[in-house]
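What follows is each chain in one-letter form.
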Amino acid sequence: MTLYRFYFLLFAFTWNTSAYGPNQRAQKKGDIILGGLFPIHFGVAAKHQDLKSRPESVECIRYNFRGFRWLQAMIFAIEEINNSPTLLPNMTLGYSIFDTCNTVSKALEATLSFVAQNKIDSLNLDEFCNCSEHIPSTIAVVGATGSGISTAVANLLGLFYIPQVSYASSSRLLSNRNEYKSFLRTIPNDEHQATAMADIVEYFRWNWVGTIAADDNYGRPGIEKFREETEERNICIDFSELIAQYLPEDQLQQVVKVIQNSTAKVIVVFSSAPDLEPLIKEIVTRNITGRIWLASEAWASSSLIAMPEFFHVMGGTIGFALKAGQIPGFREFLQKVHPKKSANNGFIKEFWEETFNCYLPEGNKNYPGMAAFHKGREEGTGGGNGTAAFRPPCTGRENITSVETPYMDYTHLRISYNVYLAVYSIAHALQDIYTCTPGKGLFTNGSCADIKKVEAWQLRIASSDAQQTPKQPGFLSAGINHD
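The structure presented is a predicted model; accordingly, all values stated were derived computationally and were not measured.

A. Molecular detail of the packing of helix H4 (residues 190-203) against helix H5 (residues 219-231). Across the interface, H4 lies against H5 with an axial gap of 8 Å and an inter-helix angle of 45°. Here H5 runs oblique to H4, going by the angle between their axes. Remark: the crossing between H4 and H5 carries right-handed chirality. Where H4 abuts H5, its residues Glu191, Ala194, Thr195, Met197, Ala198 and Val201 lie against Gly222, Lys225, Phe226 and Glu229. Its residues assigned to classes, the contact of H4 with H5 shows five nonpolar, two polar and three charged.

Spelled out as structure tokens, the structure:
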């Protein structure tokens, strides 16, 4: 119970529509490279794939300001470590960070690039790439967000013993060390949360409830654990429904019908916000009110659900949140973001355009995001704050502190803090290798790995041995969660 706090949802944000470039990434060279996976967009556009033609990469849509802030937390932590005189001295961490677009397919595209960089002999990758220039291997991956996506990524990375440290994937299935050998996380698993949700229901003497869960490795195990807890507390469940972001319309209507006809006025939901949003939209359309919603942490504070137009239905929701932490200097780092000052971050351009509802003129004619924006305006789905069917050019003098977006909401750093912890956990595992004394090492006969030639499997062993991140002023001590 100490890991979560519940509260009422009383805020809202807006979203935008954007396009995703296949080469879009944040990348910086270093002696050791860390990979990153973050949801810079909420999803992908529906597209019919013709099997008679070459498959094309799907377009990612709806900009996620919080996802970009989480990415920035990783870059901030890496820069902080690179400037540290005691942590990995004379070593430079680099990064290669991709957008998952909140989908498995996009996450696996990025993960394949991490695997390829490791030059695994059995894959014979030299014939597919120009390997004349030395590219350090991706030694570990920070991510992903959703448990379903992390599960797919873990299955691939685990084959090559590449450590993966997630900052937000809480499914208890990922605690299976035999199946997910290289998976670690800086977030507790859902057993604690499911028990806490049952405690809330019991406390208020709600003995007749309905349950809804995302049809994935986050929702199904979470709601299953909740049901197990209710059986011990004489709490009855009237209905149990599964949902998804791309649920067929007829199935979505059936779920709404069940909710509308049920006498249960308390609804427990284990889902991510993108998976839940279509259902809430339909409930709002039908004006189904008078329900009490109990929210898991994955959607409790999401800007997708905390919308003004949803408030008459969702107002009064009780939600759970991860414990917040402090990151000294992070606020100032977020405020310094600017297209001209961030050459290593390929996501800055789109972030700037989405934040200020303008476009950066340089190279704009070939910028794929504009086509998506105009299409969104024509269909009435485009984002931004403007009312015209086009965006004015950005001046470069826009003030990031003058606009309100989830990016600048650093009052309660939860996921951002977990990202920060994930990077430091990896850095400390590397530090153990760096300071290893021959004869007392973690490898055969107490041998040590060479930090200049360290391989992912060696870091995996060191990561499993590392228990704590650094204690600094204002920095909460926390370790990698081995479950």
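B. Examining the pairing of strand S12 (residues 266-270) more closely. Most of S12 is tucked away, with five of its five residues classed as buried. Going residue by residue along S12, you find Val266, Val268 and Phe270 tucked away on one face and Ile267 and Val269 tucked away on the opposite face as well. Both strand S10 (residues 208-214) and S12 contribute to a ladder of five bridges, which runs parallel. What sits directly across from Gly210, in S12, is Ile267.

C. Examining helix H1 (residues 65-82) more closely. Here H1 contains 18 residues, and its C-alpha end-to-end distance of 26 Å stays within 8% of the 26 Å for a straight helix at 1.5 Å per residue. Among the 18 residues in H1, 15 count as buried, and that is most of the element. By the N-cap criterion, in which a side-chain oxygen at the helix start approaches the backbone nitrogen of a residue two or three places on, H1 is capped by Asn64, the distance to Arg66 being 3.2 Å.

D. Structural detail: the pattern of salt bridges. Tallying each qualifying case throughout the model produces 14 salt bridges. The partner of Arg172 in a salt bridge is Glu224, and the shortest N-O contact between them spans 3.9 Å. Within this pair, whereas Arg172 is found in the loop between strand S8 (164-166) and strand S9 (183-185), its partner Glu224 is found in helix H5, the two being separated by 52 residues in sequence. Using a relative accessible area of 18% as the deciding quantity, one classes Arg172 as buried.

E. Region of interest: the nonpolar core. With 68 residues, the main nonpolar core has Phe38 and Met74 as its most contacted residues. Listing elements by their share of this core, those giving two or more residues are strand S3 (32-38), H1, strand S6 (93-99), strand S7 (138-142), helix H10 (330-335), helix H11 (348-356), helix H13 (415-434) and helix H14 (456-465). The leading source of residues in this core is H13, at 13 residues. If we skip the residues at most four places from it in the chain, Met74 touches Leu34, Gly35, Gly36, Phe38, Tyr95, Ile97, Val142, Val419 and Val423. Counting 30 residues, the second-largest nonpolar core is a separate cluster that includes Leu247, Trp293, Trp299 and Ala300.

F. Representation of H13 in the model. With 20 residues, H13 extends 29 Å between its outermost C-alpha atoms, agreeing within 8% with the 28 Å of an ideal straight helix rising 1.5 Å per residue. Of all 20 residues in H13, 17 are buried; the element is thus mostly enclosed.

G. Highlighting the sheet that holds strand S2 (residues 26-28). Spatially, the six strands line up as an open sheet ordered S2-S6-S3-S7-S8-S9, and their pairing is mixed. In this open sheet, the two edge strands, each paired with only one partner strand, are S2 and S9. Averaged over neighbouring strand pairs, the angle between their axes works out to 25° when direction is ignored. Pairing of S3 with S6, which is carried by seven bridges, proceeds in the parallel orientation. Across the sheet, residue Ile32 finds its bridge partner in S6, namely Leu93. Those strands touched by H1 are S2, S3, S6 and S7, and its axis lies near 175° from that of S6.

Reading the values: rules and limits
Residues numbered from 1 in each chain as written. Predicted model: local features only at pLDDT ≥ 70, side-chain atom pairs only at ≥ 80, totals over all residues. Heavy atoms only, no water. Axes fitted to C-alpha atoms, helices over the stretch in contact; angles between N-to-C directions. Helix = DSSP H or I, 4+ residues; strand = E, 2+ residues; numbered from the N terminus. Parallel < 35°, antiparallel > 145°, perpendicular 65-115°, else oblique. Left-handed = near helix turned anticlockwise from the far one by under 90°. Contact = heavy atoms within 4.5 Å. Nonpolar A, V, L, I, M, F, W, Y, C, P; charged D, E, K, R; others polar. Buried < 20%, exposed > 50% of the residue type's maximum accessible area, 1.4 Å probe, protein only. Pairing = 2+ DSSP bridges. Expected span 1.5 Å × (residues − 1). Polar contact = N/O pair within 3.5 Å; in protein donor to acceptor, adjacent residues only side chain to side chain. Salt bridge = Lys/Arg side-chain N within 4 Å of Asp/Glu carboxyl O. Core = buried A, V, L, I, M, F, W, Y, C linked by side-chain atoms within 4.5 Å.

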